[in-house]
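What the coordinates show
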Amino acid sequence: MEQEARVAVERSTPLSISPINLRGKPRFGENVIEIIVFICGAISIFTTTAIVIVLFQEAWMFFGSPEVDLVEFFGTTTWQPETGRFGIWPLMTSTLITSIIALMVAVPLGLGAAIYLSEYASPQARGYLKPILEVLAGVPTVVYGYFALTFVTPVILQGLLGKENVEIYNMLSAGLTMGIMILPLVASMSEDALSAVPRALREGAYGLGATRLETSLRIVVPAALSGILAAVIVAMSRAVGETMIVALAAGAGPRFTFNPLQAAETMTGHIARISGGDISYASIQYTSIFAIALVLFFMTLLLNLLSGWVASRFREVYE
Amino acid sequence: MSAQSMDQRDRPTGYLPEGADINRNIAARRLRGAIWQAIFVSSLIIGLLALATLIYTIVDDTFGYIAVQTKVDPEELTGGRPLEELSKEELIEILRANVSAGLFRRFDRDEPFSERSKESVLQLVEERVVGREVVAAYKLTESLLERERIEATVRERFPRAKLEFHSWINREFLTRPMSSVPILAGVGNAILGSLWVIAITMLLAIPIGILGGVYLEEYASDTWYYRLIETNINNLAGVPSIIYGILGLAVFVRALESFTSGAMFGVTDSNGRTILSAGLTMALLVLPLMIINAREAIRAVPQSLRQASYGLGATKWQTVWHHVLPNALPGILTGTILSASRAMGETAPLIVIGASTFVVFFPDSVFDKFTVIPIQIYNWTSQPGAQFRSIAAAAIIVLLVTLLALNATAILLRNRLRRNY
């Protein structure tokens, strides 16, 4: 193509003027820069590859050791590295229980806040309410952990349910606090989805005599449902991967229990506690955290992919 | 939903209210609307209330009465002068006279007295000789509302103790290193550690993040590897931070130990759990964020600017460097600051790669062991005792004020530098 272009230029140029030879300028640097820029973009691939390789490699060593087998890992309910018993269920159930409590707080509150911000609030009110919610989202999670341990458990839970019924470390307080942490995420993602619903739909509903509530709940929310569902799934993934709140407030020690008022360590909490101590790289405890991390990685990856799929598959497209 | 089912239960489908029914119907629907509006507002209010309670809890723990008891009255040691006014030599003399010879030699061995600063000697005197000990600590609310009760309790239980109002966040707290005694502990070395880690993180994440964004927006054509990179970056942003910690532990702390511990450069007294490992891990963590933010900023630069540049004969890189990047700068800066504040508050990955919870010295190279503010908060929160909770709250204030300042700068920059096309 370049050849043709040059031929065209040569043909069209009057013979008396010699053309400026643009091809004479070396543009070597441009190619180098293009390669550098590509590498910077591709580094993310290395990160992912490294994560997958590292997790699989160490988890392979874990499952290869004589104390462990895959059936025991996914089939039993005791996690006691000291006695060589590795059943992931106690860690899994507490992760799921804290996450579900968090969602039970964050989804209704976040959705309610989003509907208010998008459908009811005046632009001025939205102008100062949204930044406050963003502050809530910017608070580091370790601060929420402190909040769970020093306020939610002793003041709210032990105050309401009685000191003897609530353990100092318990899944409920971790879950509730996590719900507050995730609330802004659900609110802002849902609000984006609600605001994206075209105005004409609302006007149509109002024109048929619907009240603001009927318009919001029967027209706007269903139209934005894919975005809202995606927000809920992302929130779930955040809750599953959240570490500091559960490490501080949910308890230090795996326990197979469904009572949210009891202490039970989650997957992330266990990884943090075990790796925080000085463990030998050769020990089975060291490789065991990689096996847990592998499960965690795939859980969150699955949720994130699901969220993206839901958002695109069920999206209502207007014009 | 419930409204719909109620309508259907009461009346046949397609029923239109007539006469007085219209008014009743409208009134009922308006009432329902008002109730739900209240529910929506209250869910927002609950969120704001949670934020207010969080701040209240932190402030409540940070200030309040403490009952202080000393082993020796400092006035007796110095003959009436306050300790702070003494010279370093006088302080050393006091120390020599009041601790055992073995302990004195140990202090000298840890760090020779001739090299110690006056503050460090003063701290030793306060710790070992005066023995200022906080025997009870109270929260702010209690201190303000129940002063008489606190005074009575302290008089009864600790007759020698003095009650004083204490702000756990103060100048000493900001400059002192970690200590196992809460009243003597500080976040000085944690602040420095945080700065070191952020510096390394951003040194790597800024150029790579911006160039990565440039690749995706300016250079990439719609090929399979472009789509792979794009999907991959979006998914990486959703990977839990603790997984990055695991990655850092296996790659930077273990596999590259000779590099990250500095053994390659002749540093001998270290393992891989260094500032460098932490910075590298954090860089990987914030990179997807940086790239996503840079992309958005670059995408906002209007196409006409690029076309004008190409029209004048500029090459691709000249266009990017002289026109696209300067115009995307406000957005990129905002994204950078937000990434930095994310890295600043992140705790989990640093716990996994093994930030030490008890480091008393100040880091002075990237191959040092380190601690950062969030790690101190984690550590102090998990210790039993009201005083540890108070210094945790004080450290939280330090962290939150820093983050707030960073975010305010980001918003300010965005507003100052924003251009409208």
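Residues numbered from 1 in each chain as written. Chains lettered and ligands numbered in written order. Predicted model: local features only at pLDDT ≥ 70, side-chain atom pairs only at ≥ 80, totals over all residues. Heavy atoms only, no water.

Describing the overall build of chain B
Secondary structure assignment for chain B yields 19 helices and 3 strands. Its C-alpha atoms give chain B a radius of gyration of 30 Å, clearly above 22 Å, the size a compact globule of 421 residues would have. Counting only C-alpha atoms, chain B reaches 95 × 75 × 40 Å along its principal axes. Burial statistics for chain B: of 421 residues in total, 48% are counted as buried. Contacts spanning at least 24 positions in sequence make up 75% of the contacts within chain B whose residues lie at least 6 apart. Approximately 20,600 Å² of chain B is accessible, and the part contributed by carbon and sulfur atoms is 58%. (Helix = DSSP H or I, 4+ residues; strand = E, 2+ residues; numbered from the N terminus. Rg over C-alpha atoms; globule rule 2.2 N^0.38 Å. Buried < 20%, exposed > 50% of the residue type's maximum accessible area, 1.4 Å probe, protein only. Contact = heavy atoms within 4.5 Å. Areas by Shrake-Rupley, 256 points an atom, 1.4 Å probe, with all protein chains shown as cover.)

Focus on the overall build of chain A
Counting secondary structure elements, chain A contains 13 helices and 2 strands. The globule rule puts the C-alpha radius of gyration for 319 residues at 20 Å, and the 28 Å found for chain A is more than 25% above it. When the backbone C-alpha atoms are referred to their principal axes, chain A occupies close to 100 × 70 × 35 Å. With 319 residues in all, chain A has 52% of them scored as buried.

Points about the interface of chain B and chain A
Between chain B and chain A, the residue contacts involve 73 residues of the former and 75 residues of the latter. The contact between chain B and chain A buries some 6,500 Å² in all, and 77% of this surface belongs to carbon and sulfur atoms. A per-residue breakdown of the area chain B buries against chain A is headed by Phe40(B), Leu44(B) and Arg254(B), which together make up 10% of the total. Linking chain B to chain A there are 2 salt bridges. Among the salt bridges present, the one from Glu214(A) reaches Arg29(B), with a minimum N-O distance of 2.8 Å. In this assembly, chain B and chain A are joined by 11 residue pairs in polar contact (both at pLDDT 80 or more). The element that contributes the greatest number of residues to the side of chain B that touches chain A is helix H2 (residues 20-62) of chain B, accounting for 19 residues. (Buried area = accessible area lost by both parts, 1.4 Å probe. Salt bridge = Lys/Arg side-chain N within 4 Å of Asp/Glu carboxyl O. Polar contact = N/O pair within 3.5 Å; in protein donor to acceptor, adjacent residues only side chain to side chain.)

Re the pattern of salt bridges
A full pass over the atoms with the stated rule returns 19 salt bridges over all chains. Several salt bridges converge on common partners, so that one network encompasses Glu217(B), Glu230(B), Arg295(B) and Arg299(B).

Quick look at the confidence of the model for chain B
In the predicted model, chain B carries a mean pLDDT of 84, and 94% of its residues have values of at least 70. Per-residue pLDDT stays below 50 along residues 1-8 of chain B; that stretch engages in 6 contacts with residues further than four places along the chain or on separate chains. (pLDDT = per-residue confidence, 0-100.)

A word on the sheet that holds strand E2 (residues 133-137) of chain B
Residues and elements named next belong to chain B. The strand order E2-E1-E3 describes an open sheet built from 3 strands, whose pairing is antiparallel. Of all strands in the sheet, those with a lone pairing partner are E2 and strand E3 (162-167), marking the two edges. Looking at each pair of strands side by side, their axes are set apart by 40° on average, direction ignored. Examined bridge by bridge, strand E1 (residues 63-69) and E3 share 6 bridges and lie antiparallel to one another. In the strand pairing of E3, Gly-64 is matched with His-166. In this fold H2 packs onto E1 and E3, with an angle of close to 25° to the strand it touches most, E1. (Pairing = 2+ DSSP bridges. Axes fitted to C-alpha atoms, helices over the stretch in contact; angles between N-to-C directions.)

Describing a nonpolar patch on the surface
A cluster of nonpolar side chains, Ile35(A), Phe38(A), Ile39(A), Trp224(B), Tyr225(B) and Leu228(B), forms an exposed patch at the surface whose accessible area comes to about 610 Å². Taken together, the elements giving at least two residues each to the nonpolar patch come down to helix H2 (28-64) of chain A together with helix H11 (224-236) of chain B. Mapping Ile39(A) onto the fold places it in helix H2. Of the residues examined, Ile39(A) reaches a relative accessible area of 43% and is grouped as partly exposed. (Patch = residues over 30% accessible without salt bridge, like charges linked within 9 Å, V, L, I, M, F, W, Y side chains within 5 Å.)

Examining a positive patch on the surface
All names here are of chain B. A cluster of basic residues, Lys-71, Arg-105, Arg-106, Arg-109 and Arg-128, forms a positive patch on the protein surface. Take the positive patch: its biggest share by element is 3 residues, from helix H5 (residues 101-110). Residue position: Arg-105 is located in helix H5. (Lys, Arg positive; Asp, Glu negative; His and termini not counted. Charge placed at Lys NZ, Arg CZ, Asp CG, Glu CD.)

Remarks on the packing of aromatic side chains
Geometry of an aromatic ring pair is reported as the spacing of the ring centres plus the angle between the planes. This model, assessed by the stated rule, comprises 21 aromatic pairs over all chains. Judged by centre distance (6.1 Å) and plane angle (70°), the ring pair of Phe56(A) and Phe298(A) falls under edge-to-face. Within this pair, whereas Phe56(A) is found in helix H2, its partner Phe298(A) is found in helix H13 (residues 284-313), the two being separated by 242 residues in sequence. Under the relative-accessibility criterion, Phe56(A) is labelled partly exposed at 41%. Looking at Phe298(A), the relative accessible area reads 37%, which means it is partly exposed. An angle of 70° between the planes, with centres 5.1 Å apart, marks the rings of Phe62(A) and Phe63(A) as edge-to-face. Judged by its relative accessible area of 0%, Phe62(A) is buried. The exposure class of Phe63(A) is partly exposed, given its relative accessible area of 24%. One aromatic cluster is present, built from ring pairs that chain together Phe62(A), Phe63(A), Phe73(A), Phe74(A), Trp79(A) and Phe86(A). Just above the ring of Tyr219(B) sits the side chain of Lys316(B); from NZ or CZ to the centre is 5.4 Å. (Phe/Tyr/Trp six-rings, centres within 6.5 Å; stacked < 30°, edge-to-face > 60°. Lys NZ or Arg CZ within 6 Å of the ring centre and 35° of its normal.)

Focus on the packing of helix H18 (residues 373-382) of chain B against helix H19 (residues 386-417) of chain B
Residues and elements named next belong to chain B. H19 packs onto H18 with a crossing angle of 160° between their chain directions and a minimal axis gap of 8 Å. By the angle between their directions, the pair H18 and H19 is classed as roughly antiparallel. Considering how the two elements wind past one another, H18 and H19 form a crossing that is left-handed. Contact residues: H18 offers Ile-373, Pro-374, Ile-377, Trp-380 and Thr-381, while H19 offers Phe-388, Ile-391, Ala-392, Ala-395, Ile-396, Val-398 and Leu-399. (Parallel < 35°, antiparallel > 145°, perpendicular 65-115°, else oblique. Left-handed = near helix turned anticlockwise from the far one by under 90°.)

Here's the deal with H5(B)
All names here are of chain B. Among the residues of H5, those classed as buried are Leu-103, Phe-104 and Phe-107. Buried residues of H5, seen end-on, are gathered within an arc of 100° and therefore sit on one face of the element. H5 presents Ala-101, Arg-105 and Arg-109 as exposed residues on the side facing more than 90 degrees away from its buried surface. The secondary structure elements touched by the buried residues of H5 are helix H4 (88-98) and helix H6 (118-130). (Arc of directions from axis to C-beta.)

What to know about the packing of H2(A) against H11(B)
Remark: H2(A) packs on H11(B), axes separated minimally by 9 Å, with the N-to-C direction vectors making an angle of 60°. Between H2(A) and H11(B), the angle falls in the class oblique. Taken as a pair, H2(A) and H11(B) cross one another with a handedness that is left-handed. Facing Phe38(A), Gly41(A), Ala42(A), Ser44(A), Ile45(A), Thr47(A), Thr48(A) and Ile51(A) of H2(A), the residues of H11(B) in contact are Tyr225(B), Leu228(B), Ile229(B), Asn232(B), Ile233(B) and Leu236(B). Across the contact of H2(A) with H11(B), the residue classes break down as 9 nonpolar, 5 polar and no charged. (Nonpolar A, V, L, I, M, F, W, Y, C, P; charged D, E, K, R; others polar.)

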